[in-house]
Amino acid sequence: MEQDWIFGAIGGLMIGISASMLLLINGRIMGASGILGGLVDGSGHANAKERLSFISGLVLAPFVLTLVWVRPDIHISDNLGVLIVAGLFVGFGSRFANGCTSGHGVCGISRLSVRGIGATIVYLSAGAFAMIVFRHVLGLI
Amino acid sequence: MRNLYAFVSGLFFGAGLFTSGMTDTKKVQNWLDIFGEWDPTLAFVLGGAIIPMAFAWRVVAKRQKTLLGSSFPDVSDTTISKELVIGSAIFGAGWALAGLCPGPSLAAVTYGGPELFVFLAALAVGMFVTPMIKTRF
């Protein structure tokens, strides 16, 4: 759709407001992999309630929007192998690199962080290359 | 209070991901597919998110403490480590494969169907084993 970029920019501003709040009020980097990963591996149990509160909001707002606005199709793959390999790669990769699209992307690029910009260049390039291999060469997705 | 602010921040993050269309795996995959039906939406999302955050970092530079009186996170590390490069490359490949990264996969939990839970279970396993691999690296 032609209006997609407008919704993208409005949604992006909301993501930026979310990250600004967490930074200026709580003193935290809004990184989804860091917030979730700290709960999964136990490294963030000292502030587990703060992490769970953030995740509760993250799950609740879209749920309410599906009730009052639209219930979107996320076009997720039905190939279990693809889902499992992708999940393992995203989970391991984001924690190994200490960040994903929110932490390195949004929070890193906005302060011109060398690590954030470097990580973003690497994952965007790897993602574009993987798309060529998975979609155009292997026909997997 | 910290938890309430974290919850409100999470509400904005979830609403932003939903509104931007970034929980749709097809839009993310088409953004990465430069030889297919390329979809530029993600660039507007990232741009929109960076603007308020750039102001927030300027405020951080002028303050010693957060609004609640705690310290700001330590962001002094500037090394492009091999962990950063290898991890980001593997993350990018997985991101392309399913069209999902951690934020949107949590945001879509109530409407993504059972397949999303398969992805989330694998995501959790990947996150759980990372510290064990990191110490041997």
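Owing to the predicted nature of the structure, the values given are computational and were not obtained by experimental measurement.

**Some remarks on the overall build of chain B**
Move 1: Summing up its helical and strand segments, chain B has six helices and zero strands in all.
Move 2: The principal-axis extent of the C-alpha atoms belonging to chain B is close to 45 × 40 × 30 Å.
Move 3: Relative to its full complement of 137 residues, chain B shows a buried share of 52%.

**Brief notes about the overall build of chain A**
Move 1: Assigned secondary structure in chain A consists of six helices and zero strands.
Move 2: Secondary structure of chain A in N-to-C order comes out as α-α-α-α-α-α.
Move 3: With the C-alpha coordinates of chain A rotated into their principal frame, the extents come out at 45 × 40 × 30 Å.
Move 4: Counting every position in chain A, which comprises 141 residues, the buried fraction comes to 57%.
Move 5: In chain A, the share of contacts with a sequence separation of at least 24, taken over all contacts with a separation of at least 6, comes to 42%.

**Things to note about the environment of Phe129(A)**
All names here are of chain A.
Move 1: With respect to the element layout, Phe129 can be found in helix α6 (residues 114–137).
Move 2: We classify Phe129 as partly exposed; it has 16 C-beta atoms within 10 Å.
Move 3: Linking Phe129 and Ala61, residues 68 residues apart in sequence, is a C-alpha distance of 33 Å.

**Structural notes on the packing of helix α1 (residues 4–26) of chain A against helix α1 (residues 2–20) of chain B**
Move 1: Packing of α1(A) against α1(B) leaves a shortest axis separation of 7 Å and a crossing angle of 165 degrees. Compared by their axis directions, α1(A) and α1(B) come out roughly antiparallel. For α1(A) against α1(B), the interelement crossing comes out left-handed.
Move 2: Split by residue class, the contact of α1(A) with α1(B) holds 15 nonpolar, nine polar and one charged.

**Some details on the interface of chain A and chain B**
Move 1: In this assembly, 99 residues from chain A lie in contact with 103 residues from chain B.
Move 2: At the level of elements, α1, α2 (32–40), α3 (48–68), α4 (80–96), α5 (101–109) and α6 of chain A are the ones that each hand at least two residues to the side of chain A that touches chain B.
Move 3: When residues of the side of chain A that touches chain B are assigned to their parent elements, the largest contribution, 22 residues, is made by α1(A).
Move 4: Residues belonging to the side of chain A that touches chain B are distributed by class as follows: 59 nonpolar, 29 polar and eleven charged.

**Some thoughts on the nonpolar core**
Move 1: Core analysis: the biggest nonpolar cluster contains 83 residues, and Ala19(A), Ala86(A), Phe89(A), Leu97(B) and Phe119(B) have the highest contact counts within it.
Move 2: At eleven residues, α1(A) tops the list of elements feeding residues into this core.

**Some words on unusual backbone geometry**
Residues and elements named next belong to chain A.
Move 1: A positive phi angle, close to 50 degrees, is found at His75, a residue other than glycine.
Move 2: The topology assignment puts His75 in the loop between α3 and α4.
Move 3: Even without a glycine there, the phi angle at Leu112 is positive, about 55 degrees.
Move 4: Mapping Leu112 onto the fold places it in the loop between α5 and α6.
Move 5: The class of Leu112 is exposed, set by 10 C-beta atoms lying within 10 Å.

Calculation notes
Residues numbered from 1 in each chain as written. Chains lettered and ligands numbered in written order. Predicted model: local features only at pLDDT ≥ 70, side-chain atom pairs only at ≥ 80, totals over all residues. Helix = DSSP H or I, 4+ residues; strand = E, 2+ residues; numbered from the N terminus. Buried ≥ 20, exposed ≤ 12 C-beta atoms within 10 Å, placed from the backbone. Contact = placed C-beta atoms within 7 Å. Axes fitted to C-alpha atoms, helices over the stretch in contact; angles between N-to-C directions. Parallel < 35°, antiparallel > 145°, perpendicular 65-115°, else oblique. Left-handed = near helix turned anticlockwise from the far one by under 90°. Nonpolar A, V, L, I, M, F, W, Y, C, P; charged D, E, K, R; others polar. Core = buried A, V, L, I, M, F, W, Y, C linked by C-beta atoms within 7 Å.

Geometric values such as these leave the question of function open.
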